[in-house]
Amino acid sequence: MNAPYAEGLVQEDANDLALPDHVRVRPLSAYTGAEIHGLDLSRPLSPDEVQAVQSVLLQWKVVFFRDQPLSHDQHIAFSRQFGELTVGHPVFGHVDNYPELYAISKYRKSNSHDSRPEFKPWLGWHTDVTAAINPPAASILRGVVVPPHGGDTQWSNLAAAFRGLSDPLKDFLRGLRGRHEFSAPAGAKESPEYRAAVSQRQLVSEHPLVRRHPQTGEEVLFVSPGFLKSIVGLHARESRLLLEMLWEHIIRPEFTVRFKWEPGSIAFWDNQGTAHAPPFDIFDLSYDRQLFRTTLVGTVPVGVDGRPSSAISGDPMLAHHSAAY
Ligand SMILES: [Fe+2]
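- Within an unreviewed UniProt entry, the label attached to the protein reads Taurine dioxygenase, and the organism entered is Pigmentiphaga litoralis.
- UniProt lists a comment for the protein under the heading Cofactor (unreviewed entry), and it reads "Fe(2+)".
- In UniProt, the protein has this text filed under Sequence similarities (unreviewed entry): "Belongs to the TfdA dioxygenase family."

Structure representation (structure tokens):
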């Protein structure tokens with residue numbers, strides 16, 4: 001029987017990683033997502049534990065923790081063990097008194113559920129803030145108010161997705177670059193607040209379509225559907241059709257994982273090698289939903305040809321240094 005994709009696509013077993021005995025890893029799909037058990041995130045981790053989380057994260061691209069009812073301060077302290085933090089959000093700001101924390105509420109300034117009549121399969125999928133020259137390296141999202149059903153988040157492994165393409169297409173994509181912009185999804189009815197926030201801080205960057213992962217060296221299909229507007233140098237129709245094909249590809253179920261939140265759940269994803277999709281079903285349910293996010297400062301992506309991304313508009317996302325830091 002022929003394998004559906006190139007040989008060697010399947011992830012290695014989680015047990016291949018050398019981890020402390022008390023840290024247990026449970027992969028949730030073939031390539032993407034693993035639960036980590038045995039850690040208490042409310043307290044400082046040992047260097048071995050930090051290293052363990054980092055290595056599982058790099059292999060599985062998103063890791064999940066259960067039953068970690070952290071305070072805002074504990075969430076920020078946990079995140080800082082893995083790198084410097086950005087301000088909550090470069091366009092939409094932060095939680096009062098917590099500059100590093102971004103609130104993800106059911107009803108945000110973007111009325112994204114109104115865009116469903118324009119529904120495309122990849123609607124909502126994105127990699128965080130790829131309109132910036134240095135998109136975050138990682139995001140750490142904490143569930144506080146979680147609906148009893150509905151509201152799942154999905155992630156896709158963009159290194160596995162790239163490996164799943166044919167060799168001629170891989171070669172073609174390696175030489176291309178894309179223009180990423182922060183703007184409302186096509187067809188969305190933006191609120192005046194959303195439009196004002198976006199227009200006050202224009203973020204536009206050109207990134208390679210295939211970036212080299214800075215830690216693993218993998219080739220990553222860097223095609224954030226929410227921000228990538230066009231492929232440089234192609235005719236508009238060529239660009240649109242190629243992007244739609246790639247977006248359809250990266251959200252194929254075998255590259256993705258779907259996570260059911262509980263209060264105290266934490267999702268920590270490698271934003272250099274994933275895209276993710278927020279849920280739309282929560283707008284059909286009366287339940288509230290409230291999560292909080294921190295983001296780690298990222299580096300400027302570099303293409304497999306060695307060319308770094310270039311900024312067209314907007315500032316890099318730098319570390320936020322609070323007085324206590
Ligand atoms: Fe996001």
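Now that the structure is up, let's keep going.
1. Considering the overall build of the protein
Reasoning step 1: Regarding its fold elements, the protein presents 6 helices and 16 strands.
Reasoning step 2: A total of 325 residues make up the protein; the buried ones form 52% of that total.
Reasoning step 3: Here the contacts in the protein between residues at least 6 apart in sequence split such that 82% fall between residues at least 24 apart.

2. So, the pattern of salt bridges
Reasoning step 1: Counting across every chain of the model gives 17 salt bridges.
Reasoning step 2: In this structure, D171 and R174 form a salt bridge, with 2.6 Å as the shortest nitrogen-oxygen distance. Within this pair, D171 and its partner R174 are both found in helix α4 (residues 167-174), separated by 3 residues, close to a single helical turn.
Reasoning step 3: The exposed category is assigned to D171, whose relative accessible area is 52%.
Reasoning step 4: Beyond isolated ion pairs, a larger network of salt bridges with shared partners links R26, E35, R66 and E262.

3. Details of the coordination of the iron ion
Reasoning step 1: The iron ion binds to the protein through H126 (NE2), D128 (OD) and H276 (NE2), with metal-donor distances spanning 2.1 Å.
Reasoning step 2: In the primary sequence, the donor residues of the iron ion line up as H-x1-D-x147-H. Here H276 lies in strand β14 (residues 274-277) and D128 lies in the loop between β4 (102-105) and β5 (138-145), a separation of 148 residues in the sequence. Side by side, D128 and H276 carry an identical accessibility label, which is buried.

4. Some points on the nonpolar core
Reasoning step 1: With 29 residues, the main nonpolar core has I36, L41, V53, F65, F78, F82 and F268 as its most contacted residues.
Reasoning step 2: Among the elements of the structure, β2 (34-37), α1 (47-60), β3 (62-65), α2 (72-80), β5, β13 (266-270) and β15 (290-296) are those that each provide at least two residues to this core.
Reasoning step 3: Per element, the largest residue contribution to this core is 6 residues, and it comes from α1.
Reasoning step 4: Setting aside anything within four residues of it in sequence, one finds F268 in contact with V53, L57, K61, V62, V63, F65, F78, F82, A138, S139, I140 and L296.
Reasoning step 5: W122, A159, V220 and I250 belong to the second-largest nonpolar core, a separate cluster that totals 28 residues.

5. Observations concerning the sheet that holds β13
Sheets are built from strands that pair by backbone hydrogen bonding, the pairs being arranged parallel or antiparallel.
Reasoning step 1: The strand order β1-β2-β3-β13-β5-β15-β4 describes an open sheet built from 7 strands, whose pairing is mixed. The open sheet has two edge strands with one neighbour each: β1 (24-27) and β4. When strand polarity is set aside, the average angle formed by the axes of neighbouring strands in this sheet is 25 degrees.
Reasoning step 2: With 4 bridges joining them, β1 and β2 adopt antiparallel strand pairing. Residue pairing in the sheet places P27 in a bridge with A34 of β2.

6. Remarks on α4
Reasoning step 1: Taken together, the buried positions of α4 are occupied by L169, K170 and L173. The buried residues of α4 occupy an angular sector of 105 degrees when the element is viewed end-on, so they sit on one face. Structural note: α4 exposes D167, P168 and D171 on the side pointing more than 90 degrees away from its buried face.
Reasoning step 2: Those residues of α4 hidden inside the fold are in contact with α3 (158-163), β9 (210-212), β10 (219-221) and α6 (236-250).

7. Quick notes on the environment of D281
Reasoning step 1: Tracing the backbone shows D281 in the loop between β14 and β15.
Reasoning step 2: Accessibility expressed as a relative area gives 28% for D281, which makes it partly exposed.
Reasoning step 3: Not counting the four nearest positions on each side in its chain, D281 is found in contact with G150, G151 and R258.
Reasoning step 4: Separated by 3.0 Å, the side chain of D281 and the backbone nitrogen of G151 make a polar contact.

8. Examining the packing of aromatic side chains
Reasoning step 1: Summed over the entire model, instances satisfying the criterion amount to 11 aromatic pairs.
Reasoning step 2: On the numbers, 6.1 Å between centres and 80 degrees between planes, the contact of F78 with F268 is edge-to-face. One end of the pair, F78, is in helix α2; the other, F268, is in strand β13, and 190 residues separate them in sequence.
Reasoning step 3: Classification of F268 as buried rests on a relative accessible area of 1%.
Reasoning step 4: Following the ring pairs from residue to residue traces out a cluster consisting of F64, W155, F259, W261 and W269.

Calculation rules
- Residues numbered from 1 in each chain as written.
- Predicted model: local features only at pLDDT ≥ 70, side-chain atom pairs only at ≥ 80, totals over all residues.
- Heavy atoms only, no water.
- UniProt positions renumbered as here; feature names shortened; annotations may be inferred.
- Helix = DSSP H or I, 4+ residues; strand = E, 2+ residues; numbered from the N terminus.
- Buried < 20%, exposed > 50% of the residue type's maximum accessible area, 1.4 Å probe, protein only.
- Contact = heavy atoms within 4.5 Å.
- Salt bridge = Lys/Arg side-chain N within 4 Å of Asp/Glu carboxyl O.
- Donors = N, O, S within 2.8 Å, 3.2 Å for Na, K, Ca; no water.
- Core = buried A, V, L, I, M, F, W, Y, C linked by side-chain atoms within 4.5 Å.
- Pairing = 2+ DSSP bridges.
- Axes fitted to C-alpha atoms, helices over the stretch in contact; angles between N-to-C directions.
- Arc of directions from axis to C-beta.
- Polar contact = N/O pair within 3.5 Å; in protein donor to acceptor, adjacent residues only side chain to side chain.
- Phe/Tyr/Trp six-rings, centres within 6.5 Å; stacked < 30°, edge-to-face > 60°.

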